[in-house]
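Working through the structure, step by step
Okay, here's what each chain looks like letter by letter:
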Amino acid sequence: MHNGKAIIGIDIGTTSTKSVVFGENGRQLGSFAVEYPLLQEQPGWAEQEPETILRALARSVRGAVEQSGLGGDRIAAAGFSSAMHSVIAMDEAGRPLTKSITWADGRSEPQVRMIREREGGMDIYRRTGTPIHPMSPLPKLMWLRERRPDIWSAAHKFVSIKEYVIHRLFGEWVVDPSLASATGLLRLDTLVWDEGALKTAGLNADRLSELKPVTYRLEGMNRELASDMGLPPDTPFFLGSSDGALANLGVGAVGPGDLAVTIGTSAAVRMMTDRPLTDERMRTFCYSVADSTYVIGGATNNGAIVLQWMRDSLFGGHKTIEELLEAAAGVSAGADGLLFLPFLSGERAPIYNAEARGTYIGANLGHGQGHFARAGLEGVLFAVLSVAEALRQLAGPAAEIRASGGFAKSPLWRQMLADMLGQEVCVPRVTEASAFGAAMTAMRGLGELMDFGRAKEWAPIAERLQPDERKHAVYRELFGIYERARDELLGRFAELAEFQRKLR
């Protein structure tokens, strides 16, 4: 930034909101995260308090600015990133009638079945790019209409957590193309609300926010909230985009065929494209990002959360994560024939099945803790590989693979990714990819970044991992067994889910 000023990238995530202050050439000057709980009042529900998130956002901005050592007046602008698929019903006075129903909420499974069976679910997916799954706002809205008619009739707007925050800060109901795309209600070809999907939801477009570009400028901040953030009220904010699209920007995966793999608590595989692409088997999403840019890909539910589960449940908390990784490193690729399906919290891409379950297959008396740890790590990556494979079939082979997220801290795990993909994996020197992407949209809004292609130079490669061909051959064979086992067990997963419901 010129004049010694800086930009803030704000990333509203599922477990925390993180604000990061960036200076010249994307240099990180300060960062601060504030965590909040995921409320699970009933089985399958996953909600958050909107006001708690607004307060966390304000504290995170203040903390990042203080850590940067800059005064609030040295902040030129801020940009937003946000997790997708949340829904909040709002009354006319701008008060929430519900909590924020997050992507992880599974209550609308019956509505998903209805859309797939009776409402032309495949056609809705082709038009909107959002797979028919409980994560999507479309079935969540149907659930509200059917199960809470009192809230449905009192609601003035249905919005995401980012829209809520922006309304509290600036008094506007606006939404970016990517978050709007992820509702399952927006047409990919025309970028207007889809009449068929609106009819399925039972909704008029006037109960949704107005679509604005990622560089839309927000001004005239609420003075009390500006003071809480430690910023002047005239600090401009820019609308930004979704965390997935911005993570690609943040790691520099913006060129044709650039594949971004992010593995944190959950995982995602994404690619930018210049035209909308949907999959004939509904394995991937396609969301609009900007004028002629789309992000295609898929998210899996089970990333590092599998490691935490192994540590706490499988090994009773007697081993640290580091000890688990060490034990896994002592076992050869393929875990001596032990295979793990990592669906501990159901699954999104590519099977979109909330009833899928975690499963070890092939255990024998010769398998020890190291085998179970190794198979667990491999299972997470097989799920990632299945999305990468769907993308390859849809858009062609990856020209470059960039990997980021907490998993990249483990040399073993990141090398395993290269071995599985059979291709060089680049690890960029970027820690907060979505926040960095949000800051870039603010820079673009200020006219200081003419081309998002610059993202590549601002995300230099810290490490390049070459695949081991022998291990790659092992993994290709085992991956075939993984996919067949997964597909054959879907019926058993449904039976177990039904059995579990009877026991409650």
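The rules we used
Residues numbered from 1 in each chain as written. Predicted model: local features only at pLDDT ≥ 70, side-chain atom pairs only at ≥ 80, totals over all residues. Heavy atoms only, no water. UniProt positions renumbered as here; feature names shortened; annotations may be inferred. Helix = DSSP H or I, 4+ residues; strand = E, 2+ residues; numbered from the N terminus. Buried < 20%, exposed > 50% of the residue type's maximum accessible area, 1.4 Å probe, protein only. Pairing = 2+ DSSP bridges. 1 Å grid on protein atoms, 1.4 Å probe; cavity = no way out; pocket = protein on both sides within 12 Å on 5 of 7 lines; lining within 4 Å. Points joined across faces, edges and corners; volume = space filled by probe spheres on them. Patch = residues over 30% accessible without salt bridge, like charges linked within 9 Å, V, L, I, M, F, W, Y side chains within 5 Å. Areas by Shrake-Rupley, 256 points an atom, 1.4 Å probe, with all protein chains shown as cover. Salt bridge = Lys/Arg side-chain N within 4 Å of Asp/Glu carboxyl O. Polar contact = N/O pair within 3.5 Å; in protein donor to acceptor, adjacent residues only side chain to side chain. Contact = heavy atoms within 4.5 Å. Core = buried A, V, L, I, M, F, W, Y, C linked by side-chain atoms within 4.5 Å. Axes fitted to C-alpha atoms, helices over the stretch in contact; angles between N-to-C directions. Phe/Tyr/Trp six-rings, centres within 6.5 Å; stacked < 30°, edge-to-face > 60°. Lys NZ or Arg CZ within 6 Å of the ring centre and 35° of its normal. Parallel < 35°, antiparallel > 145°, perpendicular 65-115°, else oblique. Nonpolar A, V, L, I, M, F, W, Y, C, P; charged D, E, K, R; others polar.

Under an unreviewed UniProt entry, the name given to the protein chain is Gluconokinase, and the organism recorded is Cohnella hongkongensis. Regarding the protein chain, the relevant UniProt record gives this comment under Sequence similarities (unreviewed entry): "Belongs to the FGGY kinase family."

**Comments concerning the UniProt feature "domain: Carbohydrate kinase FGGY N-terminal" (unreviewed entry) in the protein chain**
Those places that UniProt annotates as "domain: Carbohydrate kinase FGGY N-terminal" (unreviewed entry) correspond, in this numbering, to residues 7-250. From the first C-alpha to the last, residues 7-250 spans 14 Å; its make-up is 37% helix and 21% strand.

**Remarks on unusual backbone geometry**
With an omega of -5°, the peptide bond running from Ala349 to Pro350 counts as cis. Here Pro350 lies in the loop between strand S17 (339-342) and strand S18 (358-361). Positioned with a positive phi, Asn25 is a non-glycine residue whose angle comes to about 55°. With respect to the helices and strands, Asn25 occurs in the loop between strand S2 (16-22) and strand S3 (28-35).

**A short note on the pairing of strand S14 (residues 267-273)**
For a regular strand, the rule is simple: side chains alternate between the two faces of the sheet. For S14, a buried count of seven out of seven residues is recorded, marking the element as mostly surrounded by other parts of the structure. Alternating positions in S14 separate into two faces, Ala267, Val269, Met271 and Thr273 on one and Ala268, Arg270 and Met272 on the other, with burial throughout. Pairing of strand S13 (residues 258-263) with S14, which is carried by five bridges, proceeds in the antiparallel orientation. Bridge pairing in S14 places Thr262 opposite Ala268. From the end of S13 to the start of S14, which pair antiparallel, there are three residues. Relative to strand S16 (residues 293-300), S14 runs antiparallel, the two being bridged by seven bridges. When the bridges of S16 are listed, Ala267 appears paired with Thr300.

**Concerning the layout of surface pockets**
Reported here for the second largest pocket is a volume of approximately 710 Å³. As for the second largest pocket, its lining consists of 32 residues, and the residues nearest its centre are Met272, Thr273, Ala290, Ser292 and Thr293. When residues of the lining of the second largest pocket are traced back to their parent elements, those giving at least two are helix H10 (243-251), S14, strand S15 (285-290), helix H13 (369-395) and helix H15 (433-445). Ranked by residue count, the leading element in the lining of the second largest pocket is S14, at three residues.

**A few points about a nonpolar patch on the surface**
Together, Leu496, Phe499 and Leu503 make up an exposed nonpolar region whose accessible area comes to about 330 Å². One can find Phe499 in helix H17 (residues 469-503).

**Considering the side chain of Asp258**
Looking at the element boundaries, Asp258 is found in strand S13. A polar contact of 3.4 Å, which involves the side chain of Asp258, links it to the backbone nitrogen of Val254. Setting aside anything within four residues of it in sequence, one finds Asp258 in contact with Gly252, Ala253, Arg270, Met271, Met272, Glu400 and Lys456.

**What to know about H10**
Because an α-helix packs 3.6 residues into every turn, residues spaced three or four apart end up facing the same way. For H10, the tally of buried residues reaches eight of nine residues, placing the bulk of the element in the interior. All buried positions along H10 are accounted for by Gly244, Ala245, Leu246, Ala247, Asn248, Leu249, Gly250 and Val251. Within two residues after H10, Gly252 carries a phi angle of roughly 80°, on the positive side.

**What about the nonpolar core?**
Within the largest apolar cluster, 105 residues are counted, with the highest numbers of intra-cluster contacts made by Leu185, Leu203, Leu259, Phe382 and Leu417. If you tally residues by element for this core, the top one is H13, at 13 residues. With near-sequence residues (within four places) excluded, Leu185 lies in contact with Thr128, Leu138, Leu141, Val192, Trp193, Asp194, Ala197, Leu198, Ala201, Leu203 and Leu208. Judged by nonpolar contacts, the second largest core, of 38 residues, contains Ala64, Ile88, Met90 and Val174.

**Brief notes about the sheet that holds strand S5 (residues 75-82)**
Pairing within the open sheet is mixed, and its six strands lie in the order S3-S2-S1-S5-S12-S11. Since the sheet does not close on itself, it has two edges, and those belong to S3 and strand S11 (217-218), each with one partner. Sheet topology places S11 next to strand S12 (residues 237-242); two bridges connect them, and they run antiparallel. When the sheet's bridge partners are listed, Leu218 is paired in S12 with Phe237. Sitting on the sheet, helix H1 (residues 50-68) is in contact with strand S1 (6-12), S2, S3 and S5, with an inclination near 150° to S3. Sheet strands touched by H15: S1, S2, S5 and S12. Its angle to S1, the strand with the most contacts, is close to 130°.

**Regarding the packing of aromatic side chains**
By the definition in use, this model includes 15 aromatic pairs. An angle of 75° between the planes, with centres 6.0 Å apart, marks the rings of Phe407 and Trp413 as edge-to-face. We classify Phe407 as buried; its relative accessible area is 3%. Through successive ring pairs, a cluster of aromatic residues spans Trp309, Phe340, Tyr360 and Phe372. Sitting over the face of the ring of Trp103, Arg348 holds its NZ or CZ atom 4.0 Å from the ring centroid. For the cation-ring pair, Arg444 lies above Phe452, with the distance from its terminal atom to the ring centre recorded as 4.6 Å.

**As for the packing of H10 against H15**
When two helices pack together, their arrangement is captured by the angle between the axes and the distance separating the axes. Interaxial distance between H10 and H15 falls to 7 Å at its minimum, and their mutual angle equals 85°. The orientation of H10 with respect to H15, classified from their angle, is roughly perpendicular. Between H10 and H15, the contacting residues are Asp243, Leu246, Ala247, Leu249, Gly250 and Val251 on the first element and Ala433, Ser434, Phe436, Gly437, Ala438, Met440 and Thr441 on the second. Class assignment for the residues of the contact of H10 with H15 results in eight nonpolar, four polar and one charged.

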